[in-house]
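Understanding the architecture of this molecule
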Amino acid sequence: MGTPTPFGSATELSASEIARYSRHLLIPEVATEGQKRLKAAKVLVIGAGGLGSPLGLYLAAAGVGQLGIVDFDVVEFSNLQRQVLHTTPDVGRRKTESAAAHLRAINPEIQITTYDTRISSANAMELIRPYDIVIDGTDNFPTRYLVNDACVLLGKSNIYGSIYRFEGQVSVFAPPAGPCYRCLFAEPPPPGMVPSCAEGGVLGILPGVIGCMQATEAVKLILGIGEPLIGRLLLYDALEMKFREVRIQRDPQCPLCGEQPTLRELIDYEQFCGVRGQEAPGAPFESDFEISVEEVKARMDRGDDFDILDVRNPEEWQICRLGSAKLVPLGELQERMRELDPAREWVVHCRSGARSAKAVELLRQAGFVNVKNVRGGISEWASKIDPSMPKY
Amino acid sequence: MIRVALPVHLRTLARVSGDVTLDIDGPVTQRSVLDALEARYPMLRGTIRDHVTHKRRAFIRFFACEQDLSNESPDAPLPDAVAKGAEPYLIVGAMAGG
């Protein structure tokens, strides 16, 4: 143990704080001095979702004096299976508002600052600068690279966690003491190759496990105790109930924290990750290979002769489906393409439009000429055409 | 027998659960393991290594015995523990869920 803490101490603890934190004060590694460090600490949690929930709950309860929460979203029913910071009556409420209310109820002694905004290249430096530590609880590659880059440029420790289905990863990125996210994964996967939790699902408990480990690392960094996960990547498999630890090193060629960095300011992360336009419902159609749900419905009503291809997974098919659609999951499309007649017109959909866009690309490469992606997918269909259809 | 641990999305693609086991004739290297893996599961071609150059893709890393082998020579022998199946060869992919 014994990483020197860069954080100072706050003023004395009040009588109510001594009562509240008594179990910390009894631990020699924390004690009064450590609790005062926690009180003086400023931690920014980016994302008030699956990871942000345990992060917020435990860091607030631990007495982190200034806790910032960034999120732009509203609470949805599909969040409640894992985002335990929010409750059923919060559905429809701003996540930042819901988070602040619950965290203040847990610990009114701390200062909670909420930022009801999407973190972007335009505001990331300003958001992160006042804080000592940043915790990445985001859910997409562009934001992960953005948070990493902003933290490196500002010299902030970035406590990383990510999850999918039954597996999670945790590390602490803190150059020059260890690598940054770019040293580990120099580039993101192409859009559609690695499913998101929204596409592939996630065990509700998993973010609890990973988020609690991120919170533990934050507290350790603030207190200057133990061995932080700098230069180590922890891999968790809930099905095997197994942790694996691997060593990771700085990349001398890293464009951000390497020996001759070329990235000196934030960039366009959606372009970097190749997702520009994918997640912008309502934006104008960008190609002739997209079709709206209204147009699909109108063509079905007219009795037009075309086929519908559903590229979701069978588990999603069981939740809801468009009547006559043929199911071929995206991962099986290449090998099952012979089942599809290239002479027919195909309208392709998934849940929200990203996987089907990839499918349309594959079909076009294979010689299918008359093929269109349903913009917004079956979620859009459920919103605009058939409100009785379950949304997930 | 070599044990290979795949990221979950590639297990889904290959339709396997748990570690993959492979028999390798000759030297056990990263190249021979990945060649055998892709021969057994052709759908993995292009997902771990580039289709053309066969170089590791930038969002994938290779580990064994806690060590990062991502930038090691693909023809260097893997640790004995991996060659004997005592330890898995880990293929770790970027994930972004939160």
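Keep in mind it's a predicted model, so treat the numbers as computed, not measured.

What counts, and where the lines are drawn
- Residues numbered from 1 in each chain as written.
- Chains lettered and ligands numbered in written order.
- Predicted model: local features only at pLDDT ≥ 70, side-chain atom pairs only at ≥ 80, totals over all residues.
- Heavy atoms only, no water.
- Helix = DSSP H or I, 4+ residues; strand = E, 2+ residues; numbered from the N terminus.
- Rg over C-alpha atoms; globule rule 2.2 N^0.38 Å.
- Buried < 20%, exposed > 50% of the residue type's maximum accessible area, 1.4 Å probe, protein only.
- Contact = heavy atoms within 4.5 Å.
- Areas by Shrake-Rupley, 256 points an atom, 1.4 Å probe, with all protein chains shown as cover.
- Buried area = accessible area lost by both parts, 1.4 Å probe.
- Salt bridge = Lys/Arg side-chain N within 4 Å of Asp/Glu carboxyl O.
- Polar contact = N/O pair within 3.5 Å; in protein donor to acceptor, adjacent residues only side chain to side chain.
- Domains from an automatic or database assignment.
- Nonpolar A, V, L, I, M, F, W, Y, C, P; charged D, E, K, R; others polar.
- Patch = residues over 30% accessible without salt bridge, like charges linked within 9 Å, V, L, I, M, F, W, Y side chains within 5 Å.
- Pairing = 2+ DSSP bridges.
- Axes fitted to C-alpha atoms, helices over the stretch in contact; angles between N-to-C directions.
- Phe/Tyr/Trp six-rings, centres within 6.5 Å; stacked < 30°, edge-to-face > 60°.
- pLDDT = per-residue confidence, 0-100.
- Disulfide = S-S within 2.5 Å.

**Comments concerning the overall build of chain A**
Looking only at helices and strands, chain A features 16 helices and 13 strands. For a compact globule of 392 residues, the expected C-alpha radius of gyration is about 21 Å, and chain A comes in at 23 Å, within 12% of that figure. Dimensions along the principal axes, computed over C-alpha positions, put chain A at roughly 75 × 50 × 40 Å. Looking at chain A as a whole, 52% of its 392 residues qualify as buried. Long-range contacts, defined as pairs at least 24 residues apart, comprise 68% of the intrachain contacts of chain A with a sequence gap of at least 6. Carbon together with sulfur atoms contributes 52% to the accessible area of chain A, which is approximately 17300 Å² in total.

**Side note on the interface of chain A and chain B**
Listed per partner, the contact involves 41 residues of chain A and 30 residues of chain B. Summed over both partners, the interface of chain A with chain B comes to about 2800 Å²; 60% of that surface belongs to carbon and sulfur atoms. Connecting chain A to chain B are four salt bridges. Note that E335(A) and R15(B) form a salt bridge whose closest N and O atoms lie 3.3 Å from each other. For the pair chain A and chain B, the interface holds 15 residue pairs in polar contact (both at pLDDT 80 or more). For the side of chain A that touches chain B, the secondary-structure elements that each account for two or more residues are α7 (141–154), β5 (157–164), β6 (167–173), α8 (181–184), β7 (232–237) and β8 (242–247) of chain A.

**Quick notes on the pattern of salt bridges**
Here the structure, examined in full by the defined rule, presents 33 salt bridges over all chains. R15(B) is the salt-bridge partner of E332(A), the closest N and O atoms lying 3.9 Å from each other. Highlighted residues: E332(A) in the loop between β11 (326–327) and α14 (333–336) and R15(B) in the loop between α1 (8–14) and β2 (20–22), drawn from two different chains. Each of the salt bridges in this network shares a partner with another, and the network as a whole consists of K326(A), E332(A), E335(A), R336(A), E339(A) and R15(B).

**Describing unusual backbone geometry**
Residue P176(A) is reached from P175(A) by a cis peptide bond, and omega for that bond is 10°. Along the chain, P176(A) falls in the loop between β6 and α8.

**Observations regarding the domain arrangement of chain A**
Much of the literature gives interface size as the accessible area that the parts lose upon coming together. All names here are of chain A. Structurally, chain A comprises domain 1 (15–272) and domain 2 (290–384). Inter-centroid distance (C-alpha atoms) of domain 1 to domain 2 is 36 Å. Facing the five residues of domain 1 at the interface are seven residues of domain 2. The tally of links from domain 1 across to domain 2 stands at zero salt bridges. Our enumeration of links across domain 1 and domain 2 arrives at one residue pair in polar contact (both at pLDDT 80 or more). Taken together, the residues of the side of domain 1 that touches domain 2 sort by class into two nonpolar, one polar and two charged.

**Some thoughts on a nonpolar patch on the surface**
The grouping of F166(A), L203(A), I205(A) and L239(A) at the surface amounts to a nonpolar patch, some 370 Å² of accessible area in total. With respect to the secondary-structure elements, L239(A) resides in the loop between β7 and β8.

**Here we look at the sheet that holds β5(A)**
All names here are of chain A. Pairing within the open sheet is mixed, and its eight strands lie in the order β3-β2-β1-β4-β5-β6-β7-β8. At either end of the open sheet lies a strand with only one pairing partner, and these are β3 (111–115) and β8. Going from strand to strand, the sheet's axes swing by 15° on average, the running direction of each strand aside. Direction of pairing for strand β1 (residues 42–46) relative to strand β4 (residues 133–136): parallel, over a ladder of four bridges. Residue pairing in the sheet places L44 in a bridge with V134 of β4. Of the strands in this sheet, β1, β2 (66–70) and β4 are in contact with helix α4 (residues 52–62), which crosses β1 at around 160°.

**Considerations on the packing of aromatic side chains**
All names here are of chain A. Throughout the structure, instances matching the rule amount to nine aromatic pairs over all chains. Each ring, one from Y115 and one from Y131, has its centre 6.4 Å from the other, and the planes form 80°; the classification is edge-to-face. Taken together, the positions of Y115 in strand β3 and Y131 in the loop between α6 (124–128) and β4 put the pair 16 residues apart, joining distant regions of the chain. Considering the side-chain rings of Y145 and F272, the 5.1 Å spacing of their centres and the 75° angle between planes classify their relative orientation as edge-to-face. You can see Y145 sitting in helix α7 and its partner F272 sitting in helix α11 (residues 269–272), a full 127 residues away along the chain. Exposure remark for Y145: the relative accessible area of 0% places this residue in the buried category.

**Considerations on the confidence of the model for chain A**
Across chain A, the average pLDDT comes to 93, with 95% of residues at or above 70. Long-range and interchain partners of residues 277–285 of chain A, a stretch whose pLDDT sits below 50, account for 12 contacts in this model, where long-range means more than four residues apart.

**What about the state of the cysteines?**
One pass over the structure, following the stated rule, counts zero disulfides over all chains. As a non-bridged cysteine, C257(A) has C183(A) as the owner of its nearest cysteine sulfur, 3.4 Å distant.

**What about helix α3 (residues 31–40) of chain A?**
Regarding α3(A), the residues found buried are G34(A), Q35(A), K36(A) and L38(A). Of the surrounding elements, those touching the buried residues of α3(A) are α2 (22–25), α4 and α10 (206–223) of chain A.

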